[in-house]
Amino acid sequence: MPSKYQLFDRSKLRVLPISERKSLLDTSIIAIPTPCEKVHPSLEIIAENLATARDNGSSRILMIGAHVLRSGMQKYLFDIMEKGLISCIAVNGACAIHDFEYALHGRTTESVATYISNGQFGLWQETGILNDIINEAAKDGRGFGEAVGEYIVKNKLDHADISLFAKAYELNIPITVHVGIGYDIVHEHPNCNGAAVGQASYTDFLIFAEALESLEGGVVMNFGSAVMAPEIYLKALSMVRNAATVSGKEKAICHFTTLVCDLHDLPEKVNIEASKTNAEYYFRPWKTMLIRTVADGGRSYYVRGFHADTIPQLWTAIKKKSPAGQNFVE
């Protein structure tokens with residue numbers, strides 16, 4: 001039986017071509033990998049742990065918020081991926097939108113202040129193609145991330161060379177998209193099917209959980225995701241530990257490393273939980289990723305800084321530890 005409440009009629013919406021939108025970012029922000037003069041000591045350790053995890057077949061998980069892509073860090077990540085130091089990437093819905101707009105249009109990011117005043121914010125025709133991709137993915141039983149990467153690659157979009165989704169698809173690295181319904185501009189569109197979004201995103205969650213089954217001895221990195229990353233990581237880790245316990249293992253998946261890079265001011269000793277009267281207690285990456293989930297034998301590191309600083313530093317640390325003559329993305 002349908003809802004007894006009235007629904008918004010999406011047929012009333014005006015959806016304009018993206019060419020009519022003034023975008024704030026274009027491909028000129030994509031940075032060329034350049035070694036840093038100084039590298040945070042914790043990132044040196046993470047570089048070592050990533051290489052060890054790769055050699056041992058343990059998971060190397062990268063979790064990011066959309067500002068990583070808006071900071072132009074794509075080519076740094078591509079190079080790390082090509083070295084086998086990332087085995088799974090988890091992102092939010094905004095990452096998929098920015099990546100797809102870059103690949104298709106070469107531009108992304110609109111002014112909220114400009115377009116919310118007349119209700120045009122988010123309502124751009126070409127961005128809505130993502131909904132069509134998701135709808136097909138759900139029918140086929142595939143995840144959101146895989147479907148977007150495949151679309152960009154197979155349709156040879158003009159700027160596919162700077163697409164994280166395309167690179168992940170080409171390298172056979174799962175990129176999982178974790179969506180909150182109503183969070184993303186494509187949910188405004190008439191062709192958005194909430195059931196399909198949920199199905200494709202849940203498929204990605206199960207892909208992500210499967211990736212955590214090999215986390216013993218591995219690494220989980222979170223760059224700038226304050227809610228999505230710690231929350232899906234927490235639930236998926238509980239699932240894989242539960243399954244391991246059922247199979248007869250005790251204290252399974254305990255020895256691994258976590259890294260959080262963000263702008264919050266945290267104390268030097270991040271393994272001590274803040275008081276509930278402290279606002280930082282509610283910063284999920286701290287208590288979830290740096291304390292509670294590594295309490296049984298893991299290690300955690302926090303590096304404060306902008307993505308345009310921390311990711312190049314990590315890349316530099318990796319480059320220093322790579323065999324001489326190994327090629328890097330130009």
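Please refer to the structure placed before this passage.
Residues numbered from 1 in each chain as written. Predicted model: local features only at pLDDT ≥ 70, side-chain atom pairs only at ≥ 80, totals over all residues. Heavy atoms only, no water.

## As for the layout of surface pockets
In this structure, the largest pocket spans a volume of roughly 630 Å³. Listed by contribution, the elements that provide at least two residues to the lining of the largest pocket are α2 (67–70), α4 (93–105), β4 (107–110) and α10 (228–246). In the lining of the largest pocket, the residues fall into 12 nonpolar, 13 polar and 5 charged. Considering the residues around the second largest pocket, the lining is formed by Gly-145, Glu-146, Ala-168, Tyr-169, Asn-172, Ile-173, Pro-174, Ile-175, Thr-176, Asp-204 and Ile-207. Those elements that place two or more of their residues in the lining of the second largest pocket are α7 (144–154), α8 (164–170), β5 (175–178) and α9 (194–212). By residue class, the composition of the lining of the second largest pocket is 6 nonpolar, 3 polar and 2 charged. (1 Å grid on protein atoms, 1.4 Å probe; cavity = no way out; pocket = protein on both sides within 12 Å on 5 of 7 lines; lining within 4 Å. Points joined across faces, edges and corners; volume = space filled by probe spheres on them. Helix = DSSP H or I, 4+ residues; strand = E, 2+ residues; numbered from the N terminus. Nonpolar A, V, L, I, M, F, W, Y, C, P; charged D, E, K, R; others polar.)

## Some details on the sheet that holds strand β2 (residues 60–64)
The parallel open sheet is built from 6 strands, whose spatial order is β5-β3-β2-β6-β7-β8. Strands at the two margins of the open sheet, each flanked by one partner only, are β5 and β8 (299–304). Averaged over all pairs of adjacent strands, the angle between their axes in this sheet comes to 15 degrees, without regard to strand direction. Where strand β6 (residues 219–223) and strand β7 (residues 257–262) come together, 5 bridges link them in parallel fashion. Among the inter-strand pairings, Asn-222 is bridged to a residue of β7, identified as Val-260. (Pairing = 2+ DSSP bridges. Axes fitted to C-alpha atoms, helices over the stretch in contact; angles between N-to-C directions.)

## Some points on α9
Helical geometry note: an α-helix holds 3.6 residues per turn, so side chains three or four residues apart project in the same direction. Compared with the 27 Å implied by 1.5 Å per residue over 19 residues, the 27 Å span of α9 between its first and last C-alpha is a close match. Looking at where α9 begins, the residue whose side-chain oxygen comes 2.9 Å from the main-chain nitrogen of Ala-195 is Asn-193. (Expected span 1.5 Å × (residues − 1). Polar contact = N/O pair within 3.5 Å; in protein donor to acceptor, adjacent residues only side chain to side chain.)

## Some thoughts on the side chain of Asp-99
Counting through the fold element by element, Asp-99 comes out in helix α4. Although Asp-99 is buried, it forms no salt bridge, and the closest oppositely charged side chain is Lys-167 at an N-O distance of 11 Å. At a separation of 2.6 Å, a polar atom in the side chain of Asp-99 contacts the side chain of Ser-163. (Buried < 20%, exposed > 50% of the residue type's maximum accessible area, 1.4 Å probe, protein only. Lys, Arg positive; Asp, Glu negative; His and termini not counted. Salt bridge = Lys/Arg side-chain N within 4 Å of Asp/Glu carboxyl O.)

## Quick word on the pattern of salt bridges
A complete count under the given rule lists 16 salt bridges for this structure. Here Arg-284 and Glu-231 are joined by a salt bridge, their closest N and O atoms 2.8 Å apart. One end of the pair, Arg-284, is in helix α11 (residues 284–291); the other, Glu-231, is in helix α10, with 53 residues separating them in the sequence. The class of Arg-284 is partly exposed, set by a relative accessible area of 33%. Judged by relative accessible area, Glu-231 falls into the partly exposed class, the value being 22%. One salt bridge connects Asp-265 with Arg-304, and the closest N-O pair in it is separated by 2.8 Å. Taken together, the positions of Asp-265 in the loop between β7 and α11 and Arg-304 in strand β8 put the pair 39 residues apart, joining distant regions of the chain. Judged by relative accessible area, which is 56%, Asp-265 ranks as exposed.

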